[in-house]
Amino acid sequence: MSEQGKANPGGRPGGPGGPGGPGGGPGRGPMPFGGGPGMMMMPGQKPKNFKGTFRRLAGYLKPYRWKLLAVLVTAIVSTVFSILSPKIMGRATTKLFEGMMGAGIDFHGIWLIILQLAGLYLVSSAFMYVMQFLMAGVAQKTVYLIRKEVSDKLNRLPLKFYDARTHGEIMSRVVNDVDNISNTLQQSLTQLITSVVTILGVIVMMLTISPLLTLILILTLPLSFLVIKGIAKRSQLYFKGQQKELGELNGHVEEMYTGHKIVKAFGREEKSIAKFTDINGRLYESGWRAQFISGIIMPLMNVINNIAYVLICVVGGILVTRSIINIGDIQAFIQYARQFSMPLAQTANIANVIQSTIASAERVFELLDETDEVPEALEAATISAPKGDVSIQGVSFGYSEDVRVIENMNIDVKQGQTVAIVGPTGAGKTTLVNLLMRFYEVNGGRITIDGTDIASMKRGHLRKLFGMVLQDTWLFNGTIRDNIAYGRAGATEEEIVGAAKAAFADHFIRTLPDGYDTVLNEEASNISQGQKQLLTIARAILADPAILILDEATSSVDTRTEVQIQKAMHRLMKGRTSFVIAHRLSTIRDADLILVMNKGNVIEQGTHAELMERGGFYADLYNSQFAEESPAVNAV
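Just so it is clear, the model here is predicted, and its values are computed rather than measured.

**What about the overall build of the protein chain?**
- Within the protein chain, the regular secondary structure consists of 22 helices and 10 strands.
- A buried classification covers 46% of the 636 residues belonging to the protein chain.
- Taking the contacts inside the protein chain whose residues are at least 6 apart along the sequence as the reference set, 78% of them involve residues at least 24 apart.

Now the structure itself:
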């Protein structure tokens, strides 16, 4: 399974693990027992420190405490008014019954009751609207602040944070977990308030009508809980299996989609389809069993509720015949009994939602608590007219404390020199580049540019001194003009075209239907890999940096284009300090200085001729590469 599939096995919506996971949670709407029992009973991720995380999340709501108090008051008033309506409606029923049994129906009194009910409903709806309006403002402002803090934090985190985590995991925290918090603040908190007030209010109203009928209703509750617990225990196993299979299916589809060319090239379509069919079949089995078993809750709850209604009607009828209560009270009591079951289901549902939300908040806070990259110097140094002298003095670095990748490295590079960095995989070539641009901080020693320690410079200023052309091209969804102009803000049309010409990209750009206005689609698949590289080179030329970093920039182009690019590179590199990470040693024979790295140390340095004359590590590396290339050349 792909990393993204692992990080978000449930897929959207719902986040990692789907509903009930830290990015999802159970169903959102007001839900009675039968409105989605499977969702209600989905197992949520439990937070490690519920109280601490809850207090920290509550701290974000503290500035809005008066609005929250207003939300509480409006929720109580709205709920109380809605609770009063069955009692008043019962009075109308009693008047009708008494009128039919006596001299006549008091229509005037009934109309007054209807108007009273209409007024209650309007007032209740008005307070409910105010509650939702206030809570929406509080929720969105709170989540806006959390998102802003997360965004600012991501900009301050060092590169090693991203290297140690998958993109899917980071996106899950930034998007799914924050959305989960937003949904809970917007909906679940108000539902919890109204549900608790409804339960308490309904119990009080039922007790005012008949303590005996209230006792009968409450006695049926344990049976309801036993049914829910028994079914939920069975359905949870299948829901877990459903989410597991869904995650595996998403991962498989993602891998096959992103690598569909390789799948077709190796003729693995049938195997891919067979695996999809197998996973999809298991998902079907888990899914229908989970939904079927959880769906039994609704019919069983209806049976239990109907038993309660029958008992209430029978006992209530007896009480009416004995003139202990009015017939309208029976109607009101049945309505209260129906109102009683729904908030109980909502409360159980919301308890699981809140647990999932606190788990999401905990994951977000873990991100916010990550160690920032080393702070910028208070009085940052600047280089107004950079020349490009680079000095690496006694530098040591390791990705972890106990394993050093670079140990006591010393290099002096003068302005305009071309420095080639060669060595086997894992030698530390890319690490050196990361240290030069302060993507990582050195553990010991110092790196200076024109005599200024880069640790005393702002990272933004430092990185403007560099231009990069990497082996892996990066182009965004936009026009070719915009992608080239990315190298320098405010570049003119003439400068953009000049950079494209210098990179030998102008010709192919003008052959495209829309020229410089051609929009590159996702992954820029409407141009070739070599053309992508030409655009990134043009972008670096436009940036006009003092120091260049080239990571085998010509590896993705044909031989003829490579010759053109080499000419453009020589023109670009003239007068600039250049660091070239080389894999094909034949391309760096003219370098002013070749650094041979192995196991984090510079074991040899000098020109190509000097290193070949020594007959050391570089000479062996060059000769072995030349020997491998010769048969291919002869074959051609």
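Once the structure has been displayed, the description carries forward.
**So, a nonpolar patch on the surface**
- Together, W66, L69, L72, V73, I76 and V80 line one region of the surface with nonpolar side chains, adding up to about 540 Å² of accessible area.
- Within the element layout of this structure, V80 appears in helix α4 (residues 65-101).
- Residue V80 is classed as partly exposed on the basis of its relative accessible area of 34%.

**Description of the environment of H583**
- Mapping H583 onto the fold places it in the loop between β8 (577-581) and β9 (593-598).
- Linking H583 and I421, residues 162 residues apart in sequence, is a C-alpha distance of 8.9 Å.

**Details of helix α12 (residues 297-321)**
- Taking 1.5 Å as the rise per residue, α12 with 25 residues should run 36 Å; its terminal C-alpha atoms sit 36 Å apart, in good agreement.
- For α12, the full list of buried residues reads I297, M301, I304, N305, A308, Y309, I312, G316 and L319.
- Once α12 ends, the next one or two residues include S323, with phi positive near 60 degrees.

**Some remarks on the UniProt feature "transmembrane region" (unreviewed entry) in the protein chain**
- UniProt's entry tags residues 64-84, 189-209, 215-232 and 307-325 with the feature "transmembrane region" (unreviewed entry), counted in the numbering of this structure.
- Along residues 189-209, the helical share is 100% and the strand share 0%, with 30 Å between the first and last C-alpha atoms.

**Side note on the environment of M597**
- By the secondary structure assignment, M597 is in strand β9.
- Given the relative accessible area of 0%, M597 is considered buried.
- Considered as a pair, M597 and F617 are 20 residues apart in the sequence and their alpha carbons are 9.5 Å apart.

**What to know about the sheet that holds β8**
- Strands sit in the order β6-β7-β8-β3-β9-β10 across an open sheet of 6 strands; the sheet is mixed. Unpaired on one side and paired on the other, β6 (466-469) and β10 (601-606) mark the two borders of the sheet. With direction set aside, neighbouring strand axes in the sheet form an average angle of 20 degrees.
- Pairing analysis gives 5 bridges linking strand β7 (residues 547-551) to β8, with the strands arranged parallel. Bridging from a neighbouring strand, I547 pairs with T577 of β8.

Calculation notes
- Residues numbered from 1 in each chain as written.
- Predicted model: local features only at pLDDT ≥ 70, side-chain atom pairs only at ≥ 80, totals over all residues.
- Heavy atoms only, no water.
- Helix = DSSP H or I, 4+ residues; strand = E, 2+ residues; numbered from the N terminus.
- Buried < 20%, exposed > 50% of the residue type's maximum accessible area, 1.4 Å probe, protein only.
- Contact = heavy atoms within 4.5 Å.
- Patch = residues over 30% accessible without salt bridge, like charges linked within 9 Å, V, L, I, M, F, W, Y side chains within 5 Å.
- Areas by Shrake-Rupley, 256 points an atom, 1.4 Å probe, with all protein chains shown as cover.
- Salt bridge = Lys/Arg side-chain N within 4 Å of Asp/Glu carboxyl O.
- Expected span 1.5 Å × (residues − 1).
- UniProt positions renumbered as here; feature names shortened; annotations may be inferred.
- Pairing = 2+ DSSP bridges.
- Axes fitted to C-alpha atoms, helices over the stretch in contact; angles between N-to-C directions.

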